[in-house]
Amino acid sequence: KAIEGVSRLFLRRIDRNLKTLGVIDLTPPSQSASAPSFVEGADRPLLLGVDARLGFSPVLLWDLERETEPRVIRPISHLVEPAFLRGVLSGGALHLLYAARGIDLSHAIGWFREGEGAPDPASVVPPLGFGLLRADAAIVDEDRLLFVADRPLAREERAPRELILRVLEDDAL
């Protein structure tokens, strides 16, 4: 929901009869929050969002069972509008997919892992063309993730697409 031009994220708590118990504004002070999605593979509700900005955009993580203040995962740069995030918890590590612009402003799907010894972010789909890109991830086993993403076949915004599958194993695509 946008209030005064700023994207905000609200949590509505409901009971089993769908009666509203309360509404909490999860948006951090002096920030925005967009692109909410739950983290797959988590044992409790973990919610991702991003304070989407023109430069560096902090990725935020809310643990909805424990607190309403988010933790900043890391900033990512040059997000595509509308922002897109997908998170997967596997092998004890949080993996994120996101849509961003490359150096020539073409669109790409990036990946990074949070945590100690994490490698630099990598491209699941390199910056090849323009238009909305989406991706998803599935847990294969504790050591591997499977990514699927659409990839443009030309630079034009409405160029034909193909689906690509990439396996992530030992931090390598």
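These numbers were taken from a predicted model, which means no experiment stands behind them.

## Brief notes about the pattern of salt bridges
Move 1: Using the criterion set out here, one finds 11 salt bridges in the structure.
Move 2: With a shortest N-O distance of 2.6 Å, D63 and R44 are connected by a salt bridge. Highlighted residues: D63 in strand β7 (residues 56-63) and R44 in the loop between β5 (34-38) and β6 (46-50), separated in sequence by 19 residues.
Move 3: Accessibility expressed as a relative area gives 12% for D63, which makes it buried.

## Some points on the confidence of the model for the protein chain
Move 1: Per-residue pLDDT for the protein chain averages 90, and the proportion of residues at 70 or more is 97%.
Move 2: Taken element by element, the predicted model of the protein chain shows its lowest mean pLDDT in strand β1 (residues 2-3) (61) and its highest in strand β15 (residues 161-169) (96).

## Section: the pairing of strand β11 (residues 107-113)
Move 1: With 7 of its 7 residues buried, β11 lies for the most part within the structure.
Move 2: Burial of the side chains of β11 extends over both faces: H107, I109, W111 and R113 are buried on one face and A108, G110 and F112 on the other.
Move 3: Here 7 bridges tie strand β10 (residues 93-101) to β11, and the two strands are oriented antiparallel to one another. Along β11, the bridge assignment pairs A100 with A108.
Move 4: Bridge count for β11 against strand β12 (residues 122-129) is 4 bridges, and the pairing is antiparallel. Looking across to β12, one finds that W111 is bridged to A122.

Criteria and cut-off values
- Residues numbered from 1 in each chain as written.
- Predicted model: local features only at pLDDT ≥ 70, side-chain atom pairs only at ≥ 80, totals over all residues.
- Heavy atoms only, no water.
- Salt bridge = Lys/Arg side-chain N within 4 Å of Asp/Glu carboxyl O.
- Helix = DSSP H or I, 4+ residues; strand = E, 2+ residues; numbered from the N terminus.
- Buried < 20%, exposed > 50% of the residue type's maximum accessible area, 1.4 Å probe, protein only.
- pLDDT = per-residue confidence, 0-100.
- Pairing = 2+ DSSP bridges.

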